[in-house]
Amino acid sequence: MNLRIEEKLDTLVRLLDNWRVNKQIFPIKTSYLELENPHLSAAQRAKGWKPFKEPFSIFKQNTYIWFKGEFDVNKNNDSNTEAFLAIETFIDNLSDGTCRPQGTLYLNNKLVQGIDINHRNVLLKEDGHYTFYLYFFTHEFSHLVPLYFSLRYIDKRVEEAYYDYLTIKEDIHILLKNDPQYSSSLKVINEAMNLLDLRNRDELFFKSLAKSHNYLMNNYFKGVCGKEDCIIDCIGHAHIDMAWLWDLEQTHQKGLRTFATALKLMEEYPNYKFMHTTPQIFKFVKEDNPELFARIKKRVKEGRFEIDGAMWVEPDCNLTSGESLVRQILYGKTYLKKEFDIDSKTLVLPDVFGYSSQLPQILKLSGVTRFVTGKMGWNDTNRMPFDTFKWVGLDGSSVFTYLISTCDANPRLGIKDTDYTSYNGWMTAGHLLGTWNRYENKKYNNRVITTYGFGDGGGGPTRVMLEKEKRYRYGLPKLGKTHITTLKSSLEAIEENFNKSCKKYGKTPTWKDELYLEYHRGTYTSVPRIKKYNRDLEFSFLNTELIASLDAINNHHQYPKDIINNNYETFLLHQFHDILPGSSIKKVYDDADIYLPKILRDNKSIIKPHLGGLLGKEKSQYLVFNPNAFLANFPVMINRECYVIKNVPSVGYISVNLKHQPNQIKIKERRLINKYFDIKFNKLGEITSLYDKVHKKEIVKHNDAINKFVVYEDTPFRYDNWEITTYYKEKYYHVDTPVTFTIIKEGDRQGFK
């Protein structure tokens, strides 16, 4: 019997989905134009357009395809009707929006929203004549995407019933059939369905919709529901990777599409709030579309567009230096304060591949008191013991930390939760249940967070998600009550619950270590040149700023603030967690080969004249600068000759006339000797003897090489460029190719190459 009611419910949802369309005008007269960039000139607006013939399919790489058309909207003063521009692809794949073509829609010359396989319908509030321009970018990966344009008139009464029963259906399908709530739910749902008159789509049908809705509201949403002691805070969000399967140019477009969509939904849903956390993207939007940026600032002041995040981008937190992490916060917080008058207090890094143990100290000293991520749920070996805790750094500083626990769950299929958590929640019954089930700190707190909306490639929440949330907020069976809010408000409530429970139980969940991600370990060796750029630039900026500052202080020369700040922003951008680790497409690194060497050249061009300013009237031949925090002896190369300069002061310099030091290095066949060590190599370049002359001790045991060169097979289960499997060490191959030893004699430095 119960199975039949589920079938009846499924059938009703399909019927209501069809019946909510009053009328569909199909097709809309449209034409198209292919370009190499997203900018449409006045001349291109006027000519060169080709007729759009359906079915039309997009199947090209890295191409901009512009469409234009016009239509009229007339709802005949019917208050029960809404009009939509429908841009259909007939592809329903929740996860595939990242690489499918994504479009930007202009209605009557105003940027309205983004268009993709998850955002396909555009509400048209006013009657009248509309002209649209829409461009798609096809991405690096070609996908065959059919495209259809139509005008739909939707009956709001039928649509309300559709979302009522769609949301109920999602919940019913994950409940265990022996659960008492399942039986009581089916009884009420069946009675509500039986109130519907489905003989014809006429006045009797519309009257029965109201009866059915009222019955559901009183007996299901306000009767059966609301039994779980749990609150699920829903944060509208769209994670945008600065680069990954697309280049930086596309990130400009993704920001425009995503934020325009968020603003459009705010017009339709007064309760809707949206959050984003990357200052760099806001800067892109301000440069590309000042009008959209002004609209964002208005919603920020209203408290509906939440901005936080603290850092300039979401950087890799393992390969970067402490100074780089500080600069990420400095540039991020400075921008947010300047543009939005916001003092960011929460670091949000949902997708970064692990987090250094120095972060709590840096955050605390930067005025950032909270940290949020969703990535630690991706561990492939150990699950984190808690999701709400005090993260304690190396110096004892601590920040309140929350790990997003959203994942799928389906008790009927035996799935309590999954191994991977998501910062791109779908607002489904399974995701809401999984968010609570996976949360480890239920004893300390009954409030959890889901960040919902399509992401990685942007997009954000949809009308479907917001409609379902209206129903989920009643707390459907086995689910907590949803609550649309801001991240700030949610974290304040959760931290208050947490602190009260810590006092109650006399114990505070604490993590005193790095947050090491047991996944994506292979990224430490991918695209090594981007990692070298990063380290070279970290040193380069340190030297540039120190030398330019000393010259400005001592000699009153102008400090080149603008060029250093602009270049630093570009450098910090390239520390993004899919650029620096080496997990992006080739085009991203081709661009980096242009941007980053230019910054190195700029820094050198700054250093040279300022060093000259420091040298002043010194009669000596050279000035040697030590940027380190300790007294040092330096090897310097002049005309391919090495000179060792001794006792250069910390963060200071000495002027010298160069001369070679007495050389104490002896070179024999595959052997190096100085006053400290006697080192012998075999023909493979391996060290077979390392004798410590100071302690009179042989380091190599049994003549067994201490630096054997071996290679391993690299065949991970997934993410070929990102992963190292746990079993790779089981099989390896010894490199047995002899190497060539070339003697190097460069003044004070000698050895082998």
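For the structure, check the block above.
K.L.:
Requested: an account of the overall build of the chain, with residues and values cited.
P.N.:
A tally of regular secondary structure across the chain gives 16 helices and 34 strands. By principal-axis analysis of the C-alpha atoms, the chain measures approximately 105 × 65 × 50 Å. Restricting the contact set of the chain to residue pairs at least 6 apart, pairs at least 24 apart contribute 73%. Element-wise, carbon and sulfur atoms account for 52% of the exposed surface of the chain, whose accessible area totals about 35,000 Å². When the 105 positive and 93 negative side-chain charges of the chain are each reduced to one mean point, those points stand 3 Å apart.

K.L.:
Just give me the short version of unusual backbone geometry, but keep the residues and values in it.
P.N.:
Note the cis peptide between phenylalanine 26 and proline 27, where omega equals 0 degrees. Locating proline 27 in the fold gives a position in the loop between strand E1 (21–25) and strand E2 (30–35). In this structure, asparagine 76 is a non-glycine residue whose phi angle is positive, near 55 degrees. Tracing the sequence through the fold places asparagine 76 in the loop between strand E5 (64–73) and strand E6 (81–88). Its relative accessible area of 56% is what places asparagine 76 among the exposed residues. Phi at histidine 556 is positive, roughly 60 degrees, even though this residue is not glycine. On the secondary structure map, histidine 556 appears in the loop between helix H14 (528–555) and helix H15 (561–573).

K.L.:
Can you tell me about the pairing of strand E22 (residues 622–626), naming the residues and giving the values?
P.N.:
Counting buried residues along E22, four of its five residues qualify, which places the element largely inside the surrounding structure. Where E22 meets strand E25 (residues 652–656), five bridges bridge the pair, whose relative direction is antiparallel. Residue pairing for E25: valine 624 is matched across the bridge by isoleucine 654.

K.L.:
Lay out the pattern of salt bridges in plain terms, naming residues and giving numbers.
P.N.:
Tallied over the full model, the rule gives 49 salt bridges. Close ionic contact of lysine 187 with glutamate 191 constitutes a salt bridge, the shortest N to O distance being 3.0 Å. Taken together, the residues span about one helical turn, with lysine 187 and glutamate 191 both in helix H4 (residues 180–194) at a distance of four residues. Classification of glutamate 191 by relative accessible area gives partly exposed; the value is 29%. A salt bridge links arginine 529 to aspartate 593; its shortest N-O distance comes to 2.9 Å. Pair noted here: arginine 529 is in helix H14 and aspartate 593 is in helix H16 (residues 586–615), with a separation of 64 residues, a long-range link. On the accessibility criterion, arginine 529 (39% relative accessible area) is partly exposed.

K.L.:
Summarise a positive patch on the surface; cite the residues concerned and give the values.
P.N.:
Taken together, the side chains of Lys666, Lys668, Lys680 and Lys693 make up a positively charged region of the molecular surface. For lysine 680, the position within the fold is in strand E28 (residues 677–681). Looking at lysine 680, the relative accessible area reads 36%, which means it is partly exposed.

K.L.:
Residue-level account of H15, with values.
P.N.:
End to end, H15 covers 18 Å across 13 residues, agreeing with the expected 18 Å (1.5 Å per residue, within 8%). Those residues of H15 lying buried are Ile564, Asn567, Tyr568, Glu569, Phe571, Leu572 and Leu573. Elements in contact with the buried residues of H15: helix H6 (248–268), helix H7 (279–288), helix H9 (322–340), H14 and H16.

K.L.:
Run through the sheet that holds strand E18 (residues 398–403), naming residues and quoting values.
P.N.:
With mixed pairing, the five strands of this open sheet are ordered in space as E15-E16-E18-E17-E21. Bordering the open sheet on either side are strand E15 (346–348) and strand E21 (510–511), each of which pairs with just one other strand. Sheet topology places strand E16 (residues 370–373) next to E18; four bridges connect them, and they run parallel. Counterpart to valine 372 in the pairing with E18 is tyrosine 402.

K.L.:
Go over the nonpolar core with me, naming the residues and quoting the values.
P.N.:
In terms of nonpolar packing, the biggest core is built from 128 residues, with Tyr165, Tyr220, Ile296, Phe305 and Phe340 touching the most fellow members. Those residues within four positions of phenylalanine 305 in sequence are excluded, and the remaining contacts are Phe259, Leu263, Met266, Phe274, His276, Phe282, Ile296, Arg299 and Val300. Counting residues in hydrophobic clusters, the runner-up holds 29 residues, among them Phe52, Ile58, Leu134 and Tyr153.

K.L.:
How would you summarise the packing of helix H3 (residues 156–172) against helix H12 (residues 463–472) if you had to cite specific residues and measurements?
P.N.:
Two elements in contact, H3 and H12, have axes separated by 9 Å at closest approach and are oriented at 75 degrees. In terms of their interaxial angle, H3 and H12 are classed as roughly perpendicular. Contact residues: Glu159, Glu160, Tyr163, Asp164, Leu166, Thr167 and Glu170 in H3; Arg463, Val464, Glu467, Lys468, Arg471 and Tyr472 in H12. Among the residues making up the contact of H3 with H12, the classes are represented as four nonpolar, one polar and eight charged.

K.L.:
Please set out a nonpolar patch on the surface residue by residue, giving values where relevant.
P.N.:
Side chains of Phe709, Val711, Tyr733 and Val735 sit close together on the surface and give an oily, nonpolar patch of about 330 Å² of accessible area. Along the polypeptide, valine 735 turns up in the loop between strand E32 (732–734) and strand E33 (743–746). Overall, the relative accessible area of 32% leaves valine 735 in the partly exposed class.

K.L.:
I'd like a rundown of the side chain of glutamine 113, residues and numbers included.
P.N.:
Here glutamine 113 is to be found in strand E8 (residues 110–115). Accessibility expressed as a relative area gives 5% for glutamine 113, which makes it buried. Those residues within four positions of glutamine 113 in sequence are excluded, and the remaining contacts are Gly103, Thr104, Leu105, His119, Asn121, Val122, Arg257, Ala260, Thr261 and Lys264.

K.L.:
Hey, could you go over the sheet that holds strand E7 (residues 102–107) for me, with residue numbers and the actual values?
P.N.:
Taken together, the six strands give an open sheet; going across it, the order is E3-E2-E5-E10-E7-E8, and neighbouring strands pair in antiparallel fashion. At either end of the open sheet lies a strand with only one pairing partner, and these are strand E3 (50–51) and E8. Pairing of E7 with strand E10 (residues 128–137), which is carried by six bridges, proceeds in the antiparallel orientation. Note that in E10 the partner of glutamine 102 across the bridge is phenylalanine 137. Where H6 meets the sheet, it contacts E5, E7, E8 and E10, and its direction lies at approximately 100 degrees from that of E8.

Cut-offs and rules
Residues numbered from 1 in each chain as written. Predicted model: local features only at pLDDT ≥ 70, side-chain atom pairs only at ≥ 80, totals over all residues. Heavy atoms only, no water. Helix = DSSP H or I, 4+ residues; strand = E, 2+ residues; numbered from the N terminus. Contact = heavy atoms within 4.5 Å. Areas by Shrake-Rupley, 256 points an atom, 1.4 Å probe, with all protein chains shown as cover. Lys, Arg positive; Asp, Glu negative; His and termini not counted. Charge placed at Lys NZ, Arg CZ, Asp CG, Glu CD. Buried < 20%, exposed > 50% of the residue type's maximum accessible area, 1.4 Å probe, protein only. Pairing = 2+ DSSP bridges. Salt bridge = Lys/Arg side-chain N within 4 Å of Asp/Glu carboxyl O. Patch = residues over 30% accessible without salt bridge, like charges linked within 9 Å, V, L, I, M, F, W, Y side chains within 5 Å. Expected span 1.5 Å × (residues − 1). Core = buried A, V, L, I, M, F, W, Y, C linked by side-chain atoms within 4.5 Å. Axes fitted to C-alpha atoms, helices over the stretch in contact; angles between N-to-C directions. Parallel < 35°, antiparallel > 145°, perpendicular 65-115°, else oblique. Nonpolar A, V, L, I, M, F, W, Y, C, P; charged D, E, K, R; others polar.

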